[in-house]
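Here are the chains, one letter per residue:
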Amino acid sequence: VDVFQAWCGPCKPVVNLFQKIRNEVGSNLLHFAVAEVDSIDALEKHRGQCKPVFLFYTAGELVAVVRGADAPLLQKTILEQL
């Protein structure tokens, strides 16, 4: 989940990375979503941050967090979680 502030929008360059990885590993294993923190109470702790935050869930449980648009770290985290 790409967690973003309304004033800066979701991290668009990372969408391409997720699409590339999804094509490589199969579309059933990886799902990408965006969530605007000001409209979701459960994400309140992420408000006021200027860096994007990426939350990784498996079976409804938070399993990893990556702060910032670090493409190599995001790719590594995705592949480790898969």
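Residues numbered from 1 in each chain as written. Predicted model: local features only at pLDDT ≥ 70, side-chain atom pairs only at ≥ 80, totals over all residues. Heavy atoms only, no water.

As annotated in an unreviewed UniProt entry, the protein carries the name TXND6 protein and comes from Malurus elegans.

Peer 1: Mind laying out the packing of aromatic side chains, listing which residues take part and the relevant values?
Peer 2: To describe a pair of aromatic rings, one takes the distance between the centres and the angle between the planes. For the structure on display, the rule yields two aromatic pairs. Seen in terms of ring centroids, Phe18 and Phe54 are 6.2 Å apart; in terms of plane orientation they differ by 50°. Their pairing is tilted. Placement of the pair is Phe18 in helix H1 (residues 12-25) and Phe54 in strand E3 (residues 53-58), with a sequence separation of 36 residues. Like Phe18, the residue Phe54 is buried in the burial classification. Clustering of aromatic rings is evident, with ring pairs tying together Phe18, Phe32 and Phe54. (Phe/Tyr/Trp six-rings, centres within 6.5 Å; stacked < 30°, edge-to-face > 60°. Helix = DSSP H or I, 4+ residues; strand = E, 2+ residues; numbered from the N terminus. Buried < 20%, exposed > 50% of the residue type's maximum accessible area, 1.4 Å probe, protein only.)

Peer 1: Pulling in residues and values, what's your account of the nonpolar core?
Peer 2: Cys11, Val14, Leu17, Phe18, Ile21, Leu30, Phe54, Phe56, Ala64, Val66, Leu74 and Ile78 together form the largest nonpolar core, which totals twelve residues. Going through the elements one at a time, H1, E3, strand E4 (61-67) and helix H2 (71-81) are the ones with two or more residues in this core. Ranked by residues supplied to this core, first place goes to H1 with four residues. Those residues in contact with Phe56 that lie beyond four places of it in its chain are Phe18, Glu61, Leu62, Val63, Ala64, Val66, Leu74, Thr77 and Ile78. (Core = buried A, V, L, I, M, F, W, Y, C linked by side-chain atoms within 4.5 Å. Contact = heavy atoms within 4.5 Å.)

Peer 1: Mind laying out the layout of surface pockets, listing which residues take part and the relevant values?
Peer 2: Approximately 290 Å³ is the volume found for the largest pocket. Considering the residues around the largest pocket, the lining is formed by 15 residues, among which Leu29, Leu30, His31, Phe56 and Tyr57 are closest to the centre. Ranked by residue count, the leading element in the lining of the largest pocket is E3, at five residues. Split into classes, the residues belonging to the lining of the largest pocket amount to eleven nonpolar, three polar and one charged. (1 Å grid on protein atoms, 1.4 Å probe; cavity = no way out; pocket = protein on both sides within 12 Å on 5 of 7 lines; lining within 4 Å. Points joined across faces, edges and corners; volume = space filled by probe spheres on them. Nonpolar A, V, L, I, M, F, W, Y, C, P; charged D, E, K, R; others polar.)

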